[in-house]
Amino acid sequence: MSAQRIDGKLIAARIKEEVRVGAARLLAERHVRPGLGVVLVGDDPASQSYVRSKGKACEELGMYSETRRCPADTREEELLKLIQEWNNDPRIHGILVQLPLPRTLDEQRIIAAINPDKDVDGIHPVNLGRLVIGMECFKPCTPAGIQELLVRSGHDPAGKHVVVVGRSNIVGKPIANILLQKAPGANAVVTIAHTGARDLAALTREADILIAAIGKAECITGEMLKPGCVVVDVGINRVPDSASPKGYRIVGDVHFASAELVASAITPVPGGVGPMTIAMLMHNTLQAARRFAA
Ligand code: NDP
């Protein structure tokens, strides 16, 4: 029997609708329209498309947005100045620096310049520190989306053994920390695997919930899974496909066809974790605007 497909598009649409209603209420009651500032440096096509989607989502949900597109050779001082402007702008409640930045820029210095109260991407060291010690914070959007996907699809992580493959600062480490919290929608026993694992399959076969954030096309196969587990595939990988007009198709980090025969539930790629990231960004921006209005 094949696994239940966890529909990220549907769950993301529900969250966005909640945000739209919340934003309209904040505007009516407190005269505050949530606002997001997004800065893109360079012309990476994937980043351009993400930035367009973020602006479009703000418009759909009745939120204010500003997008700055800067050339790849933008100086660090200019970016820091823009962030300072937005830190002081009462129309902007959330600031997002589209990553990755060109190598010539000091990413950590730029992130650290964002006011933590406006860090709706949850990547400022203050927010990540607060996350680790279980204080209220902006959770990074993709990991927050993974938690929402699990909870809203009826797969509460509490008491489950979650194995996260990947330890990046934007996905692996924060999702492990989120699910480790002694809190509703978390309280899991968490293992983190990475390239240092001696026997990856031995670890993944122990997982009640497997989260793959690896960046390698279809690297987790059905035979690496425990029967009946829940699989969350974070990967977005382009593989050549001559049958597609674009010449490629998008696949996850999990080999879907073999995994769906073993798992009880699985997120597809596309249409799983992907749509949740923007939904959670909108959610965090509304939260930031609510705090500003309080
Ligand atoms: P990174 O490249 O930063 O991290 C990948 C992690 O996977 C590393 O910790 C690496 O280990 C580990 N890894 C790589 N190969 C193996 C292996 N063979 N066995 C075990 N561990 C391995 O990637 P990100 O976390 O940024 O992204 C992961 C995937 O998620 C990508 O496909 C990306 O496109 C996607 N993504 C999707 C998002 C969305 O849906 N909105 C948002 C962000 C990312 P080590 O640390 O030892 O090198």
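Residues numbered from 1 in each chain as written. Predicted model: local features only at pLDDT ≥ 70, side-chain atom pairs only at ≥ 80, totals over all residues. Heavy atoms only, no water.

Draft legend 1. Here's a closer look at the overall build of the protein chain. Each helix and strand counted, the protein chain has ten helices and eleven strands in total. Taking 294 residues into account, the globule formula puts the C-alpha radius of gyration at 19 Å, and the protein chain, at 19 Å, falls close to it. Its C-alpha atoms give the protein chain principal-axis dimensions of about 55 × 40 × 35 Å. Sorting the 294 residues of the protein chain into buried and exposed places 49% on the buried side. Sequence-distant contacts in the protein chain: of pairs separated by 6 or more residues, those separated by 24 or more amount to 70%. In the protein chain, which carries 35 positive and 32 negative side-chain charges, the distance between the mean positions of the two groups comes to 2 Å. (Helix = DSSP H or I, 4+ residues; strand = E, 2+ residues; numbered from the N terminus. Rg over C-alpha atoms; globule rule 2.2 N^0.38 Å. Buried < 20%, exposed > 50% of the residue type's maximum accessible area, 1.4 Å probe, protein only. Contact = heavy atoms within 4.5 Å. Lys, Arg positive; Asp, Glu negative; His and termini not counted. Charge placed at Lys NZ, Arg CZ, Asp CG, Glu CD.)

Draft legend 2. Looking closely at the site of the ligand. By nearness alone, 22 residues border the ligand, and Arg167, Ser168, Thr195, Lys216 and Thr277 come closest of all. In this structure, Arg167 approaches the ligand through a side-chain N or O atom, which is 2.8 Å from an oxygen atom. Surface burial for the ligand is 70%, taken as the share of its 930 Å² of free accessible area covered by protein chains. Its residues assigned to classes, the shell around the ligand comprises nine nonpolar, ten polar and three charged. (Near = heavy atom within 4 Å. Polar contact = N/O pair within 3.5 Å; in protein donor to acceptor, adjacent residues only side chain to side chain. Areas by Shrake-Rupley, 256 points an atom, 1.4 Å probe, with all protein chains shown as cover. Nonpolar A, V, L, I, M, F, W, Y, C, P; charged D, E, K, R; others polar.)

Draft legend 3. View of the domain arrangement of the protein chain. Each assigned domain of the protein chain is listed here: domain 1 (32-115) and domain 2 (141-273). With centres defined by C-alpha atoms, the gap from domain 1 to domain 2 works out at 28 Å. (Domains from an automatic or database assignment.)

Draft legend 4. Focus on helix H6 (residues 141-152). In this model H6 runs 16 Å from its N-terminal to its C-terminal C-alpha over twelve residues, within 8% of the 16 Å that 1.5 Å per residue would give. The buried fraction of H6 is high, at nine of twelve residues. Close packing links the buried residues of H6 with helix H1 (8-30), helix H7 (172-180), strand E7 (209-212), strand E8 (230-233) and helix H10 (274-293). (Expected span 1.5 Å × (residues − 1).)

Draft legend 5. Region of interest: the environment of Asp241. The residue Asp241 is located in the loop between strand E9 (237-240) and strand E10 (248-251) in this model. When the C-alpha positions of Asp241 and Gly22 are compared, they lie 42 Å apart, and in sequence the two are 219 residues distant. Here the side chain of Asp241 touches Ala243 through a polar contact of 3.0 Å, landing on its backbone nitrogen.

Draft legend 6. The state of the cysteines, seen in detail. Enumeration according to the criterion identifies zero disulfides in this entry. Not part of a disulfide, Cys137 finds its nearest cysteine sulfur in Cys141, a span of 11 Å. Counting only cysteine sulfurs, Cys219 is the nearest neighbor of Cys229, a cysteine outside any disulfide, at a range of 14 Å. With a relative accessible area of 2%, Cys229 lands in the buried category. (Disulfide = S-S within 2.5 Å.)

Draft legend 7. Representation of the nonpolar core within the structure. Formed by 52 residues in total, the largest nonpolar core has its most connected members in Leu36, Ile146, Leu179, Ile211, Val234 and Met282. When residues of this core are assigned to their parent elements, the largest contribution, ten residues, is made by H10. Among residues more than four places away in sequence, those in contact with Ile211 are Ile146, Val162, Val163, Val164, Val165, Ile175, Leu179, Val232 and Val234. Counting residues in hydrophobic clusters, the runner-up holds 17 residues, among them Ala193, Ala201, Ala207 and Cys229. (Core = buried A, V, L, I, M, F, W, Y, C linked by side-chain atoms within 4.5 Å.)

Draft legend 8. Highlighting the pattern of salt bridges. Scanning all chains against the criterion turns up 15 salt bridges. The closest approach of N and O atoms between Arg91 and Glu66, which form a salt bridge, is 3.5 Å. In this pair, Arg91 is assigned in the loop between helix H3 (76-87) and strand E4 (94-97) and Glu66 in strand E3 (residues 64-70), connecting sequence segments 25 residues apart. Given a relative accessible area of 14%, Glu66 falls into the buried group. (Salt bridge = Lys/Arg side-chain N within 4 Å of Asp/Glu carboxyl O.)

Draft legend 9. The sheet that holds E3, seen in detail. Pairing is parallel across the open sheet formed by three strands, whose spatial order is E3-E2-E4. Of all the strands in the sheet, the pair left with one neighbour each is E3 and E4. Each strand axis lies, on average, 15° off the axis of its neighbour in the sheet, ignoring direction. Contacts from helix H2 (residues 45-60) reach strand E2 (35-41), E3 and E4 within the one sheet, and its direction differs from that of E3 by about 160°. (Pairing = 2+ DSSP bridges. Axes fitted to C-alpha atoms, helices over the stretch in contact; angles between N-to-C directions.)

Draft legend 10. Expanded view of the sheet that holds E8. What the six strands build is an open sheet, ordered E1-E11-E8-E7-E5-E6; its pairing is parallel. Of all strands in the sheet, those bounded by a partner on one side alone are strand E1 (4-5) and strand E6 (189-193). Here strand E5 (residues 161-165) runs beside E6; their pairing, made up of five bridges, is parallel. Note on E6: the bridge partner recorded for Val162 is Val190.

Draft legend 11. Molecular detail of H3. For H3, which comprises twelve residues, the first-to-last C-alpha distance of 16 Å matches the rise-based estimate of 16 Å (1.5 Å per residue) to within 8%. Buried residues of H3: Glu76, Leu79, Leu80, Leu82, Ile83, Trp86 and Asn87, and no others. Seen from one end, H3 has its buried residues packed into an arc of 160°, which puts them on one side. Tucked inside the fold, the buried residues of H3 contact E2, E3, E4 and helix H4 (107-112). (Arc of directions from axis to C-beta.)

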